[in-house]
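Understanding the architecture of this molecule
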Amino acid sequence: MEKHCTNSQVKGVSTGTTILAATFNGGVVICSDSRASIGGEFVSSKTINKVIQVHDRIFCCMAGSLADAQAVIKAAKYNLSFHSVQMETPPLVIAAASVLKELCYHNKDELQAGFITAGWDKKKGPQVYVVSLGGMLVPQLVTIGGSGSTYIYGYVDAKYKPNMSREECLQFATNALALAMGRDNVSGGVAHLVVVTETGVEHVVVPGNKLPKFHDE
């Protein structure tokens, strides 16, 4: 059957975002900016939350086509809920990442979205996984994504340390988002951060005017 490429497939879809996840001693931080854009040129929303809860202690961030990402996450949440009922136990973080991977891989010709999955489970503790465009699954201690990530690779490489404290990791993630949002014109708004540990989940929102500044803006 012949396939016809749409304009979005020919030109690509701007990721227009900054997403990050990092493990620390006993937990994980997953975060993003809150700006959504159309084609990377027009800001359509300043307050979208890109950190989505897919189960009690499992979250994911999305980059790429918002419609594609939301459709995949909706299907993943349904699968994980069904899996949890069947197994009579909360799903593992790797199980959530694998569901996203399968959905992305089997629909790779139609989807333009990538994900970071992070969370905590009793088997392996804090974990971070990257599910890239096309369905590749890679475990990481720290990872970044979206258009804003190109501005902060050096900062992340220099400043991230394994087994940081919760406070150190939160500051690291906040600084990374602030640096990306200050340079990338399609990243901005507020910083949404989620801390996941054995004891529970904490949501932190840092308004744009409260973010640290590293240069004159």
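Above: the structure in question.
It should be emphasised that the depicted structure is a prediction, and the values quoted were computed from it without experimental measurement.

Each value, and the rule that gives it
Residues numbered from 1 in each chain as written. Predicted model: local features only at pLDDT ≥ 70, side-chain atom pairs only at ≥ 80, totals over all residues. Heavy atoms only, no water. Pairing = 2+ DSSP bridges. Helix = DSSP H or I, 4+ residues; strand = E, 2+ residues; numbered from the N terminus. Axes fitted to C-alpha atoms, helices over the stretch in contact; angles between N-to-C directions. Contact = heavy atoms within 4.5 Å. Salt bridge = Lys/Arg side-chain N within 4 Å of Asp/Glu carboxyl O. Buried < 20%, exposed > 50% of the residue type's maximum accessible area, 1.4 Å probe, protein only.

Attention now moves to the sheet that holds strand 1 (residues 19-24). What the five strands build is an open sheet, ordered 10-1-2-11-12; its pairing is antiparallel. Whereas interior strands pair on both sides, the edge strands pair on one side only; in this sheet they are strand 10 (142-145) and strand 12 (200-206). In this sheet, adjacent strand axes meet at a mean angle of 15° when their direction is disregarded. As defined by bridge partners, strand 11 (residues 191-197) adjoins strand 12 across seven bridges and the pair is classed as antiparallel. If you follow H192 over to strand 12, its bridge partner there is V205. Where helix 5 (residues 166-183) meets the sheet, it contacts strand 1, strand 2 (27-32), strand 10, strand 11 and strand 12, and its direction lies at approximately 165° from that of strand 1.

Where charged atoms from two side chains of opposite charge come close, those side chains can pair. Scanning the entire structure with this criterion turns up four salt bridges. Of the charged contacts in the structure, one is a salt bridge between K50 and D33, with a shortest N-O distance of 2.9 Å. Placement of K50 in the loop between strand 4 (42-45) and strand 5 (51-55) and of D33 in the loop between strand 2 and strand 3 (36-38) is noted, with a sequence separation of 17 residues between them. By relative accessible area, which is 5% here, K50 ends up buried. Residue D33 is classed as buried on the basis of its relative accessible area, which comes to 0%. Put simply, E202 and R166 hold a salt bridge, and the shortest N to O gap is 2.3 Å. One end of the pair, E202, is in strand 12; the other, R166, is in helix 5, and 36 residues separate them in sequence. A residue is classified by how much of its surface remains accessible, and E202, at 34% relative accessible area, is partly exposed. Each of R166, E167 and E202 takes part in salt bridges that share partners, so that together they form one network.

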